[in-house]
Amino acid sequence: MSADQMLGLVTGILFGFLMQKGRVLRFEKQVGALLLKDMTIFKFMLSAILVGMVGITLLSGAGIVTLSHKPMNVGAVLLGGALFGAGWAVMGFCPGTSVGALGEGRWHALFAIVGMVTGAALYAELYPFFSSTVLAWKNFGKIGFAEVLSISPWVLIPVFWAGTISLFFWFEKKGL
Amino acid sequence: MKWKTLDNGWNPYLAGALVGVLAIVSVYATTQLLGKSSYLGASTTFVRAAGLLERTVAPDRVAANEYFTKEKVRVDWQFMLVLGIFLGALISSATDRSLKLEGVPPIWKERFGSSIGKRATGAFLGGIVAMVGARMADGCPSGHGLSGMMQLSVSSFVAFAMFFSVGVAVAALVYGRRSS
């Protein structure tokens, strides 16, 4: 196994372990969140973002790591995001949690995984068509809020923290 | 605030915050050891898996495909990360006795009954639609939701708003009505 494969495997084991401990892998939690009844996955995910945001901004500010924004291609993000949302609700897993759910014994995730591999093959077949249509509408490129708004990320981060912490208090108050 | 949840899991804020630490360490480690900053993600791996499988029956078709060529069909860092998620979840659930064989989850059963065939069809078709969407949007709740939002990427906030709003609407339509 090469160094990059080994590093990926170790990182993945830790990631899968923490997602399982957070109980975010299973169908009930994923669909429970979309039914607005159980916010566990959003508590988990937003906590990860709050912490990760600070560390990554520090490291990229110091020139130690480079940011990797995904392109703001309007049609792709809007239509692709909508398709993902629809499929997510029925499947009850996302790509990362499906394999984890299989790991904790929820074997119906296997059908979701087979579906997603099939979807990926289908996307590869349809890529030339999408390239000339939905992907070609309007692309703002790889942009971040700090550059777009011309302000320091250290102004945006406290705002994001304040909003998210308020949301957490609301979740707890409502028992979600 | 409790350290353990009712289902014997870890507090989701704590487990999530630890994933935040993992995300930071992972970006640092990939930059230092592999020379390129890599962020947590999962959905590109499904493209590579599709390419590897398709290659066994139609190698020329895979070689000629523009998208497979762009995403590079190989077992890379992220591919092993996705396999690692399976192992990590297996280790965690086997050691805290939360590993449970489940073919039809309760919310699904309440709406569609205990048929494995129906659940398999829903999971399979949902998986196709979700993956076409994730590849079009260039990310899933890991790549956009976690990694992109951490970096304050514009596309990731928009993508996640779409994932969530359409997910909520479709979940209400699909599971909202009770089976009689």
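Provided above is the structure to which this section pertains.
Quick notes on the rules
Residues numbered from 1 in each chain as written. Chains lettered and ligands numbered in written order. Predicted model: local features only at pLDDT ≥ 70, side-chain atom pairs only at ≥ 80, totals over all residues. Heavy atoms only, no water. Patch = residues over 30% accessible without salt bridge, like charges linked within 9 Å, V, L, I, M, F, W, Y side chains within 5 Å. Areas by Shrake-Rupley, 256 points an atom, 1.4 Å probe, with all protein chains shown as cover. Salt bridge = Lys/Arg side-chain N within 4 Å of Asp/Glu carboxyl O. Lys, Arg positive; Asp, Glu negative; His and termini not counted. Charge placed at Lys NZ, Arg CZ, Asp CG, Glu CD. Helix = DSSP H or I, 4+ residues; strand = E, 2+ residues; numbered from the N terminus. 1 Å grid on protein atoms, 1.4 Å probe; cavity = no way out; pocket = protein on both sides within 12 Å on 5 of 7 lines; lining within 4 Å. Points joined across faces, edges and corners; volume = space filled by probe spheres on them. Nonpolar A, V, L, I, M, F, W, Y, C, P; charged D, E, K, R; others polar. Contact = heavy atoms within 4.5 Å. Buried area = accessible area lost by both parts, 1.4 Å probe. Polar contact = N/O pair within 3.5 Å; in protein donor to acceptor, adjacent residues only side chain to side chain. Phe/Tyr/Trp six-rings, centres within 6.5 Å; stacked < 30°, edge-to-face > 60°. Buried < 20%, exposed > 50% of the residue type's maximum accessible area, 1.4 Å probe, protein only. Lys NZ or Arg CZ within 6 Å of the ring centre and 35° of its normal.

Trainee: Help me understand a positive patch on the surface, please; the structure alone is not making it clear to me.
Mentor: Positive charge collects at one region of the surface, where Lys142 of chain A together with Lys36, Lys72 and Arg74 of chain B lie side by side. Inspection of the secondary structure puts Lys72 of chain B in the loop between helix 4 (66-71) and helix 5 (77-95).

Trainee: Help me understand the layout of surface pockets in this model?
Mentor: Volume-wise, the largest pocket comes out at about 890 Å³. Around the largest pocket, the lining comprises 36 residues; the ones closest to its centre are Ser68 and Lys70 of chain A together with Lys36, Thr44 and Arg48 of chain B. Looking at the lining of the largest pocket, the elements that each hand over two or more residues are helix 2 (43-57), helix 4, helix 5 and helix 8 (141-150) of chain B. Along the lines of polarity and charge, the residues of the lining of the largest pocket split into 8 nonpolar, 16 polar and 12 charged. Volume-wise, the second largest pocket comes out at about 440 Å³. Forming the boundary of the second largest pocket are 19 residues, of which Lys43 of chain A together with Lys4, Thr5, Leu6 and Pro12 of chain B lie nearest the centre. When contributions to the lining of the second largest pocket are tallied by element, the ones reaching two or more residues are helix 3 (40-61) of chain A together with helix 1 (12-34) of chain B. For the lining of the second largest pocket, the class distribution of residues is 6 nonpolar, 5 polar and 8 charged.

Trainee: Would you explain the interface of chain B and chain A in this entry?
Mentor: As a measure of interface size, the accessible area lost when the parts come together is often cited. If you look at the interface, chain B gives 119 residues, while chain A gives 115 residues. For the pairing of chain B and chain A, the buried interface totals around 10,300 Å² over both sides, and the portion due to carbon and sulfur atoms is 75%. Where chain B meets chain A, there are 4 salt bridges. The closest approach of N and O atoms between Asp96 of chain B and Lys21 of chain A, which form a salt bridge, is 3.0 Å. Our count for the contact surface shared by chain B and chain A stands at 35 residue pairs in polar contact (both at pLDDT 80 or more).

Trainee: Looking at this structure, I do not really get the packing of aromatic side chains. What am I missing?
Mentor: Aromatic ring pairs are reported here in terms of the distance separating the ring centres and the angle at which the planes meet. Using the criterion set out here, one finds 23 aromatic pairs over all chains in the structure. Where Trp108 of chain B meets Phe112 of chain B, the ring centres are 4.4 Å apart and the plane angle is 35°; that geometry is what we call tilted. Of this pair, Trp108 of chain B and Phe112 of chain B both sit in helix 6 (residues 106-112), 4 residues apart, roughly one helical turn. Its relative accessible area of 3% is what places Trp108 of chain B among the buried residues. Of the aromatic side chains, those joined through ring pairs into one cluster are Phe42, Phe84 and Trp88 of chain A together with Phe160, Phe163 and Phe164 of chain B. Note that Arg111 of chain B overlies the ring of Phe112 of chain B, its terminal NZ or CZ placed 4.9 Å from the centroid. The ring of Trp108 of chain B has Arg119 of chain B lying over it, and the distance from NZ or CZ to the ring centre is 4.9 Å.

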